[in-house]
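Fold and contact review
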Amino acid sequence: MTQHHHHRTTRLLGSLLLVAAAGAFTVGAAPAPAADGDSTAAVPLTRVIPAPASVTAGGAPYRITGGTHIHVDDSREARRIGSYLADVLRPSTGYRLPVTDDSDRHGGGIRLTLKSKDKSLGGEGYRLESGRHGVTISAREPAGLFHGVQTLRQLLPAAVERDSRQPGPWLVAGGTVEDTPRYAWRGAMLDVSRHFFSVDEVKRYIDQLALYKLNKLHLHLSDDQGWRIAIDSWPRLATYGGSTEVGGGPGGHYTKADYKEIVRYAAARHLEVVPEIDMPGHTNAALASYAELNCDGVAPPLYTGIEVGFSSLCVNKEITYDFVEDVVRELAALTPGRYLHIGGDEAHSTSHEDYVTFMERVQPVVAEYGKTVIGWHQLTGAEPAEGALAQYWGTDRTSAAEKEQVAAAARNGTGLILSPADRAYLDMKYDKDTPLGLAWAGYVDVQRSYDWNPGEYLPGAPASAVRGVEAPLWTETLGDSGQLEYMAFPRLPGVAELGWSPASTHDWDAYRERLAAQGPRWDALGINYHRAPDVPWPAR
Ligand code: NGO
């Protein structure tokens, strides 16, 4: 980030306070009644985000009525997903929708089964068939069934998302959807360090990610402004290092119980939590908490501004590696997922030599505790460990040499997660008038965030190295759910679609129509989205 950027954002924070004071950004403000269009016509099977891999429309629609049952197979997982679907449908339909484990028997209604024999569905795919007598979603794995349920939600009128009884009718168009993801990695990152977000705020975001079939929640748990996860062997990290945030607010941290609850909630929605401890830079909160981590033995004060690149762990002190190992051990124990993100970006206060030394010592520690390393793409300036993934966050202005360094690593086996900042960063302003966010990577309007191809994005990187995409949401300027939503919606679904849908479905003109149809859904859910001018939203 440039100096220019910092001045701009400092001024921005001033105007942000004025906007907040005027109450322009409220969460869950009473939405106007949804304009659902002709309420007797079913939503076309193609009007889903992410675009399904294959759709065959035709035949009579299914109508959910007061007599509909949700039939699940005899597995615990199918029952759990059936109950989740019932929880979505009951408040708005007002129907009982009992969940019964008799999907093997013939009959109509909604049927959820994990007994699909179709190997091509893989671990996340599903098949949805709808006709006069019912809707059947079949999959091989729970994640696929869950994604199928998200498709079913979008095939029902937007009003189905409301929490009070609505008139219906509740039609599901006839036909078949067969759907599997393009990429295994479809992530969203939330920066809980620059501003702290409560467990409930994180859960709210998880629910929004699940709607679009995202499957990774990357939590940026530490930075200069705050350390957000309790580490028993270094307790001051959280109690002191977590005690503030950008702007000087009270900050906060997750206890281990809080964190486990986030992991559980995410897992129930088929998202894997990927924890990040950023190092060796972006570490002021840790350095402020323990004087002995500093090369000069003096703890700096806590930091509440938005500069970057000024802090570094002391690469030549042994205690640094005791610290890293303790943190990695405790974090790995909290992490059922495979990955641990070690940051590695903007280590401007660490010499190149020290950076390489540090990464050489730290990556094996991650492996020792059974986890696979992810780093921001600067990790490719050192030697990425076997199996490591690099998260690319460059822009069109990134130098050819830096891009080539990442591409060379990719040719060498390092997997890539693509988060180009001038496309996928949800904290970039949409345009000059956006009251929140940053602009160091330029303005990112909805079309720009959607209109690129991850498979061909990085010159010289083999398409097979691309594991998927991730949309980071940095929170220097964002302090509550309403503000997160304003930046994430409507861009987040576009990144989700890049991660899920086959490239052959990619078409901005068709996408913006599908996206517009999500507006009434977000109104029904109380999501504070930006009514971007490049999307033809229906009138409210
Ligand atoms: C950069 C920087 C972060 C900022 C973010 C703001 C990365 C990987 N490091 O992205 O510290 O918060 O930009 O957009």
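One can find the structure itself at the top, above this paragraph.
One structure accompanies this document, and this report is about it. (Residues numbered from 1 in each chain as written. Predicted model: local features only at pLDDT ≥ 70, side-chain atom pairs only at ≥ 80, totals over all residues. Heavy atoms only, no water.)

Some remarks on the sheet that holds strand S5 (residues 109-113)
Spelled out, the test is: Note on pairing: DSSP must find at least two bridges between two strands before they are called paired. A helix here means a DSSP run of H or I that spans at least four residues, while a strand means a run of E at least two residues long, and both kinds are numbered starting from the N terminus.
Pairing is mixed across the open sheet formed by seven strands, whose spatial order is S1-S9-S6-S7-S5-S3-S4. If you trace the sheet from one side to the other, it starts and ends with strand S1 (54-57) and strand S4 (99-100), each paired once. Two strands pair when backbone bridges link them, and strand S6 (residues 126-131) and strand S7 (residues 134-139) are joined in this way by six bridges, in the antiparallel orientation. Bridge pairing links Glu129 to Thr136 in S7.

Quick word on the packing of helix H8 (residues 318-333) against helix H9 (residues 352-368)
Rules: Between the N-to-C directions of two axes lies an angle of 0 to 180 degrees, each axis being a line fitted to C-alpha atoms and, for a helix, fitted only over the stretch in contact. Small angles under 35 degrees read as roughly parallel and large ones over 145 as roughly antiparallel, with 65 to 115 read as roughly perpendicular and the rest as oblique. With the far helix as reference, a near helix turned anticlockwise by less than a right angle produces a left-handed crossing, and one turned clockwise produces a right-handed crossing. Note on contacts: a residue pair qualifies if any of its non-hydrogen atoms lie within 4.5 Å across the two residues. Throughout this entry, Asp, Glu, Lys and Arg are counted as charged residues, while Ala, Val, Leu, Ile, Met, Phe, Trp, Tyr, Cys and Pro are counted as nonpolar. The remaining residues, Gly among them, count as polar.
At their nearest, the axes of H8 and H9 sit 10 Å apart, and the two run at 30° to each other. Here H8 lies roughly parallel to H9, going by the angle between them. The chirality of how H8 crosses H9 is right-handed. Between H8 and H9, the contacting residues are Glu318, Thr320, Tyr321, Val324, Glu325 and Val328 on the first element and Phe358, Arg361, Val362, Val365, Val366 and Glu368 on the second. For the contact of H8 with H9, the residue count by class is seven nonpolar, one polar and four charged.

Digging into the pairing of strand S10 (residues 185-191)
Applied cut-off: The rule is simple: take the accessible area with a 1.4 Å probe, protein chains only, and divide by the maximum for that residue type; under 20% is buried, over 50% is exposed, in between is partly exposed.
Of all the seven residues making up S10, seven are buried; the element is thus mostly covered by neighbouring parts of the structure. The side-chain alternation of S10 yields two buried faces, one formed by Trp185, Gly187, Met189 and Asp191 and the other by Arg186, Ala188 and Leu190. Sheet analysis places S10 next to strand S19 (residues 466-473), joined by six bridges and oriented parallel. Bridging across to S19, Arg186 finds its partner in Val469. In the sheet, S10 pairs with strand S11 (residues 216-220) via five bridges, with the strands oriented parallel.

A few points about the state of the cysteines
Our working definition: The disulfide criterion is simple: two cysteine sulfur atoms within 2.5 Å.
One pass over the structure, following the stated rule, counts one disulfide. Note that Cys295 is cross-linked by a disulfide to Cys314, the S-S spacing being 2.0 Å. What sets the handedness of the Cys295 and Cys314 disulfide is the S-S torsion sign, and at about 100° it is right-handed. Here Cys295 is found in the loop between helix H7 (284-289) and H8, whereas its partner Cys314 is found in the loop between H7 and H8, with 19 residues between them in sequence. What makes Cys314 buried here is its relative accessible area of 4%.

A look at the environment of Gly148
Tracing the backbone through its elements, the reader meets Gly148 in helix H3 (residues 142-155). In this structure Gly148 comes out as buried when scored by relative accessible area, which is 0%. Put simply, Gly148 and Leu525 are 377 residues apart on the chain and 19 Å apart in space, counted from C-alpha to C-alpha.

By themselves these figures say nothing about function.
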